[in-house]
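Coordinate inspection notes
In case you want the letters, here they are:
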Amino acid sequence: MPGEIVRAPRSGLPIAIEDVSLRSGRVTILESVSLVLAPGAPTVLIGPNGSGKSSLLRLATGLLSPTSGRVAWGGRATTGGDRSAIVFQRPVMLRRSVAANVAFALRREPKGRRHRADRIAALLDLVGLAALGARPARRLSGGEQQRLALARALARDPEILFLDEPTANLDPAANKAGEDIIAQVAAAGVKIVLATHDLGEARRLAGEVVFMLRGRVHESAPAKSFFAGPATQEAQAFLKGDLVI
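Note that this is a predicted model, so its numbers are computed, not measured.

1. A closer look at unusual backbone geometry
If you check the backbone angles, D19 has positive phi at about 50° while not being a glycine. Looking at the secondary structure, you find D19 in strand 1 (residues 15–24). Positive phi, close to 50°, is recorded for E165, a residue that is not glycine. By secondary structure assignment, the location of E165 is in the loop between strand 6 (160–164) and helix 6 (172–187). Since its relative accessible area comes to 8%, E165 is described here as buried.

Rendered as structure tokens:
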């Protein structure tokens, strides 16, 4: 069962992103972003390409540092460390087997070899790769690699899992498989923060929607009310499929 495999700690949330800006030279990537990522249903970031979704994920995980403002975990200005994990659109596969990729993520696991072996088997079963443990990871399909990346991330027992376009460019079957795993992980108590341009995916997974445009948060609302009637003209146009820049 997912709840037995995924053991999310309960110490670092909420994450408060407080008046954060990010600049690179003269280019403003994020401007005055404030957002609270609280425990509960998945938070989904949507918006056109270049709106700042991926940069916001990287700031929240500590991979980037803000030019101004701060990111506070549980009221403290610190990063999540081992309490968070991130999966990118194109994850890097180590030059080893599927099982060994997960084993690498468990290398600091204090328990014995048998425990690690059981944990690897359980994680691969969760993501539907139990029969492929001996296969070289780089020979997997794109969808299989994404599922392996999820297994590696979950091996860290994250309290919060950041996902950056995790199902982009996948075929419908692989997309559904990925979404099913994400839903199971969220149901097990791991906070999901997902960036996507796929409105169908956002509708299926989101508990909260954050609409971003030009490096700002333009709207944040429960998914049901957002999709029923977004408050801003820009979000209304985006949902209609209009070009929003």
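Text resumes after the structure shown.
2. A closer look at the sheet that holds strand 2 (residues 27–37)
Judged by pairing direction, the sheet is antiparallel, and its three strands sit side by side in the order 2-1-4 without closing on themselves. Of all strands in the sheet, those bounded by a partner on one side alone are strand 2 and strand 4 (68–73). Pairwise comparison of adjacent strand axes, ignoring direction, gives a mean angle of 20° for this sheet. Against the sheet, helix 2 (residues 53–61) touches strand 1, strand 2 and strand 4, its axis set at about 60° to strand 2.

3. Quick word on the packing of aromatic side chains
All told, the structure shown has two aromatic pairs when counted by the stated rule. Each ring, one from F211 and one from F238, has its centre 5.5 Å from the other, and the planes form 45°; the classification is tilted. Here F211, found in strand 8 (residues 208–213), pairs with F238, found in helix 9 (residues 233–240); they are 27 residues apart in sequence, far enough to count as distant. A relative accessible area of 11% places F238 in the buried class. For the pair F226 and F227, a centre-to-centre distance of 5.3 Å together with 80° between the ring planes defines the contact as edge-to-face. F226 sits in the buried class, given a relative accessible area of 1%. The ring of F104 carries the charged tip of R107 above its face, separated from the ring centre by 4.1 Å.

4. A closer look at the sheet that holds strand 6
Spatially, the six strands line up as an open sheet ordered 5-6-7-3-8-9, and their pairing is mixed. This sheet does not close on itself; its edge strands, each paired only once, are strand 5 (84–87) and strand 9 (216–222). Looking at each pair of strands side by side, their axes are set apart by 15° on average, direction ignored. In the sheet, strand 8 pairs with strand 9 via six bridges, with the strands oriented antiparallel. Bridge pairing in strand 9 links F211 to E219.

5. Description of the confidence of the model for the protein
Averaged over every residue, the pLDDT of the protein is 90; residues scoring 70 or more account for 91%. When mean pLDDT is compared element by element in the protein, strand 3 (residues 43–46) scores highest at 98, while helix 1 (residues 2–5) scores lowest at 58.

6. Observations regarding the nonpolar core
The biggest cluster of nonpolar side chains holds 49 residues, and the ones touching the most others in it are I46, V102, L148, L161, L163, I192 and F226. Element by element, the count of residues in this core is highest for helix 5 (residues 142–154), at six residues. Those residues in contact with L163, other than ones at most four positions away along the chain, are L57, V87, L150, I182, I192, V193, L194 and A195. A60, F162, A195 and M212 belong to the second-largest nonpolar core, a separate cluster that totals 22 residues.

7. A short note on the environment of A121
Assignment of secondary structure puts A121 in helix 4 (residues 113–126). It is 9.7 Å that separates the C-alpha atoms of A121 and A131, two residues lying 10 residues apart in sequence.

8. Quick notes on the pattern of salt bridges
Taken as a whole and assessed by the stated rule, the structure comprises seven salt bridges. The residue D118 makes a salt bridge to R114 at a minimum N-O spacing of 3.2 Å. Of this pair, D118 and R114 both sit in helix 4, four residues apart, roughly one helical turn. A relative accessible area of 42% places D118 in the partly exposed class.

9. Comments concerning the packing of helix 3 (residues 98–105) against helix 5
Interaxial distance between helix 3 and helix 5 falls to 8 Å at its minimum, and their mutual angle equals 30°. Classified by the angle between their axes, helix 3 and helix 5 sit roughly parallel to one another. Read as a crossing pair, helix 3 and helix 5 show a hand that is right-handed. Counted together, V98, N101, V102 and A105 of helix 3 and L148, A151 and R152 of helix 5 form the full contact between these two elements. Its residues placed into classes, the contact of helix 3 with helix 5 shows five nonpolar, one polar and one charged.

About the thresholds
- Residues numbered from 1 in each chain as written.
- Predicted model: local features only at pLDDT ≥ 70, side-chain atom pairs only at ≥ 80, totals over all residues.
- Heavy atoms only, no water.
- Helix = DSSP H or I, 4+ residues; strand = E, 2+ residues; numbered from the N terminus.
- Buried < 20%, exposed > 50% of the residue type's maximum accessible area, 1.4 Å probe, protein only.
- Pairing = 2+ DSSP bridges.
- Axes fitted to C-alpha atoms, helices over the stretch in contact; angles between N-to-C directions.
- Contact = heavy atoms within 4.5 Å.
- Phe/Tyr/Trp six-rings, centres within 6.5 Å; stacked < 30°, edge-to-face > 60°.
- Lys NZ or Arg CZ within 6 Å of the ring centre and 35° of its normal.
- pLDDT = per-residue confidence, 0-100.
- Core = buried A, V, L, I, M, F, W, Y, C linked by side-chain atoms within 4.5 Å.
- Salt bridge = Lys/Arg side-chain N within 4 Å of Asp/Glu carboxyl O.
- Parallel < 35°, antiparallel > 145°, perpendicular 65-115°, else oblique.
- Left-handed = near helix turned anticlockwise from the far one by under 90°.
- Nonpolar A, V, L, I, M, F, W, Y, C, P; charged D, E, K, R; others polar.

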